[in-house]
Amino acid sequence: MIKSPIIIPRAGELGIISDLPPLMVPPNAWTSGVNVRVNDGELVAFPGHDLGGENTGLDAIWSLTTVTDATSHYWVNLGDDGTGVCKAFAYDGTTFHDISPTPTPANDFTGARADIITHAFLNGRLVTNNLADVPHTWDLSTGNDYVPLVNWDSNWRAKAIAAFKGFLVAINITDSGAFSPNRVKWSDEAVPGALPGSWDETDPTTAAGEYDLADTTAALVAIKALRNELVLYTERECFGMALVGGSLIWRFRLISSQTGAMTPRAVGAFKGLHAVMTDNDLVVNDGQNIRSIGDGRNKRYMFRQLDESNYGYAFTQVHRLRDEVWFCFPSAGNDFCDMSLVWNRSEDTFGVRELPPGCISAADGTDIVGLSTATWETGGAAATWNLEDGAWDERAFNALGGLLLLAGDNTNTGMTGAPVYRADQGNTFNGDLRQFRVERLAMNPDPAGRVLTVTEVWVEATGDPVTVRIGYQNAPNGPVFWKSAQTFDPELDKKLTCRVTGRYPCLALESLGDFNTRIHGVRLMFVAGAER
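Residues numbered from 1 in each chain as written. Predicted model: local features only at pLDDT ≥ 70, side-chain atom pairs only at ≥ 80, totals over all residues. Heavy atoms only, no water.

### Description of the sheet that holds strand β12 (residues 136-138)
Then, in step 1: Spatial strand order, β10-β11-β12-β13: 4 strands in an open sheet with antiparallel pairing. Two strands close off the open sheet at either side, each with one partner strand: β10 (118-122) and β13 (147-148).
Then, in step 2: Bridge analysis of strand β11 (residues 125-129) against β12 gives 3 bridges, and the strand direction is antiparallel. The residue bridging Leu 126 from the neighbouring strand is Trp 138, located in β12. (Pairing = 2+ DSSP bridges. Helix = DSSP H or I, 4+ residues; strand = E, 2+ residues; numbered from the N terminus.)

Right under this line is the structure:
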């Protein structure tokens, strides 16, 4: 009896490919998975998340961003305070400070969750915009509140706003109720340390202006800096906007007539690229070329599941420390984002992760939970040169952009406020068990398509035990008949024995609970039957 192998030598080499028929998927890829990350050519059970903050003062966090000045880090949360009013809080690691605008008709936030919030940062000020209100700014002092953006006309509204080379740029403008979805509006150049002094496009003494993109009928939805220009995304196209000075001030050019952005938060920027969730694909934009990263892999997986009513809340989030992009979306029947396709940029592979309940927003920032706020005045007796043994201005290393934060709604969480979770913490979902599972269907290396009998499963892994299931299909797209599960312990086992006969063997690896598992490779040994 001659045994032959089915080998997956590097378990994470190609990650998950869900769009192709299983028989067409390369032998070292997986046909589906959940809570699985690809890392260094291995499959890793996705770490969990813990609670970074709960008493946020909000019932739902519609927007979460992180900001840093010379001395402090803040998580800034905006959302529903439980009464339908939008409030803003800045968290410094100890206290959630209410920085909401003074509640007057001219100043207050009135937007709802559907009025997607975007942010810009210019000269030490956080600029925050939603479609319902004028933009507001916060100076990063917890003793001060958000205030309306100076020199912005109170009759104007914008879809999104960005900062670039001393300018603020807004898109998709409404002026006194008149809707100009293709309009780009920019301020005068701000002097260092200040906000722009003018937005008046009629004043020839300033660089402020506006421009209507005449070559598109689609509305502008997103704006993001890329290298030496801004990229403006409509629903179907994208344009470059470069600062050239002189009488023109800006130059506009078409980058792609086929690629737009699905939502105002569908674009993530890092390492000289934009990762974009379009209305039918997942792509990378380098400012010159558009490359699909979803075609033939996982774009249909996402769009087949995408909830038709709530797709506008989908967002793209960069996780810089992990060199990942999370494409977060609400699956069918969900009001909030509950799933994420996770693209590993350096390995060009996909994993999949479940999101916390009620997830609305995410941010890449600094872990400030529990950071010391001690000063020489508050340090007590130890705060003298003779007794203090720490280094001057000492602070534990904390990589900026190293922590991924996930925030959302407190519905069905049992929490008193909207939660902010820290991703990649521990091995549970804030105490709840998480399931890791990958599947590979329709394996048959035999060119004659003979019936195969799998007799052994060799798993190269480290960490905690993993459950192994072997099954079979009689047709490549037919139902899977799974056999009894067996437990593989990397510390004790080299192989599992079994006897599963079928034309197309199938393999599943799974775990449930507080565990940490890395899959390096898998080998199935089989015996081929007679040709028919």
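### Considerations on the sheet that holds strand β22 (residues 267-270)
Then, in step 1: Strand order in the open sheet formed by 4 strands is β22-β23-β24-β25, and the pairing between neighbours is antiparallel. A strand with exactly one partner marks an edge of an open sheet, and here the two such strands are β22 and β25 (290-292). Averaged over neighbouring strand pairs, the angle between their axes works out to 25° when direction is ignored.
Then, in step 2: Direction of pairing for β22 relative to strand β23 (residues 273-277): antiparallel, over a ladder of 4 bridges. In the sheet register, Ala 269 faces β23, and the bridge partner there is His 274. (Axes fitted to C-alpha atoms, helices over the stretch in contact; angles between N-to-C directions.)

### Quick look at the packing of aromatic side chains
Then, in step 1: Applying the stated criterion to the full structure yields 14 aromatic pairs.
Then, in step 2: Ring centres of Tyr 211 and Phe 252 lie 4.4 Å apart, and the angle between their planes is 15°; this geometry places the pair in the stacked category. Of this pair, Tyr 211 sits in strand β17 (residues 209-212) while Phe 252 sits in strand β21 (residues 249-256), and the two are 41 residues apart along the sequence.
Then, in step 3: Here a set of aromatic residues connected by ring pairs shows up, and it is made of Phe 164, Phe 167, Trp 186, Tyr 211, Trp 250 and Phe 252.
Then, in step 4: Residue placement shows Arg 113 over the ring face of Tyr 313; its charged tip is 3.6 Å from the ring centre. (Phe/Tyr/Trp six-rings, centres within 6.5 Å; stacked < 30°, edge-to-face > 60°. Lys NZ or Arg CZ within 6 Å of the ring centre and 35° of its normal.)

### Some words on the nonpolar core
Then, in step 1: One finds Trp 30 and Phe 327 to be the most contacted residues of the largest nonpolar core, which totals 65 residues.
Then, in step 2: At 5 residues, strand β33 (residues 452-463) tops the list of elements feeding residues into this core.
Then, in step 3: Residues contacting Phe 327, with those up to four places away along its chain left out, are Ala 275, Val 276, Met 277, Leu 282, Ile 293, Phe 315, Thr 316, Met 339, Ser 340, Leu 341, Trp 343 and Phe 350.
Then, in step 4: Counting 19 residues, the second-largest nonpolar core is a separate cluster that includes Ala 162, Leu 220, Ile 249 and Trp 250. (Core = buried A, V, L, I, M, F, W, Y, C linked by side-chain atoms within 4.5 Å. Buried < 20%, exposed > 50% of the residue type's maximum accessible area, 1.4 Å probe, protein only. Contact = heavy atoms within 4.5 Å.)

### Structural notes on the pattern of salt bridges
Then, in step 1: Scanning all chains against the criterion turns up 22 salt bridges.
Then, in step 2: Here Lys 185 and Glu 210 are joined by a salt bridge, their closest N and O atoms 2.9 Å apart. In this pair, Lys 185 is assigned in strand β16 (residues 178-186) and Glu 210 in strand β17, connecting sequence segments 25 residues apart.
Then, in step 3: For Lys 185, a relative accessible area of 2% puts it in the buried group.
Then, in step 4: Relative accessible area serves as the criterion here: at 31%, Glu 210 is assigned to the partly exposed category. (Salt bridge = Lys/Arg side-chain N within 4 Å of Asp/Glu carboxyl O.)

### What to know about the environment of Asn 298
Then, in step 1: Mapped onto the elements, Asn 298 comes out in the loop between β25 and α1 (299-305).
Then, in step 2: Asn 298 sits 113 residues away from Thr 411 along the chain, and the two C-alpha atoms are 30 Å apart.
Then, in step 3: Setting aside residues no more than four positions away along its own chain, Asn 298 makes contact with Ile 16, Ile 17, Ser 18, Asp 19, Leu 341 and Phe 350.

### Focus on the environment of Ser 257
Then, in step 1: Here Ser 257 shows up in the loop between β21 and β22.
Then, in step 2: Remark: the alpha-carbon pair of Ser 257 and Phe 239, spanning 18 residues in sequence, is separated by 8.7 Å.
Then, in step 3: A polar contact of 3.3 Å, which involves the side chain of Ser 257, links it to the side chain of Gln 258. (Polar contact = N/O pair within 3.5 Å; in protein donor to acceptor, adjacent residues only side chain to side chain.)

### Re unusual backbone geometry
Note: most residues except glycine have negative phi, and most peptide bonds are trans.
Then, in step 1: The phi dihedral of Asn 123 is positive, around 50°, even though this residue is not glycine.
Then, in step 2: Along the chain, the position of Asn 123 falls in the loop between β10 and β11.
Then, in step 3: By relative accessible area, Asn 123 is classed as partly exposed at 30%.
Then, in step 4: If you check the backbone angles, Lys 271 has positive phi at about 50° while not being a glycine.
Then, in step 5: Residue placement: Lys 271 occurs in the loop between β22 and β23.

### As for empty space enclosed by the protein
Then, in step 1: Scanning the entire structure with this criterion turns up 1 cavity of 30 Å³ or more.
Then, in step 2: If you add up the space inside the largest cavity, you get close to 50 Å³.
Then, in step 3: Taken together, Trp 62, Ala 112, Arg 113, Asp 115, Ile 116, Ile 117, Arg 265, Tyr 313 and Ile 360 make up the lining of the largest cavity.
Then, in step 4: Residue classes in the lining of the largest cavity are distributed as 6 nonpolar, no polar and 3 charged. (1 Å grid on protein atoms, 1.4 Å probe; cavity = no way out; pocket = protein on both sides within 12 Å on 5 of 7 lines; lining within 4 Å. Points joined across faces, edges and corners; volume = space filled by probe spheres on them. Nonpolar A, V, L, I, M, F, W, Y, C, P; charged D, E, K, R; others polar.)

### Some thoughts on the confidence of the model for the protein chain
Then, in step 1: On average, residues of the protein chain score 90 in pLDDT, and 92% of them are at 70 or above.
Then, in step 2: Throughout residues 372-376 the model reports pLDDT below 50, and contacts reaching past four residues in sequence, or to other chains, amount to 7 contacts.
Then, in step 3: Every residue in residues 387-400 scores below 50 in pLDDT, and together they form 16 contacts with partners more than four places removed in sequence or on other chains. (pLDDT = per-residue confidence, 0-100.)

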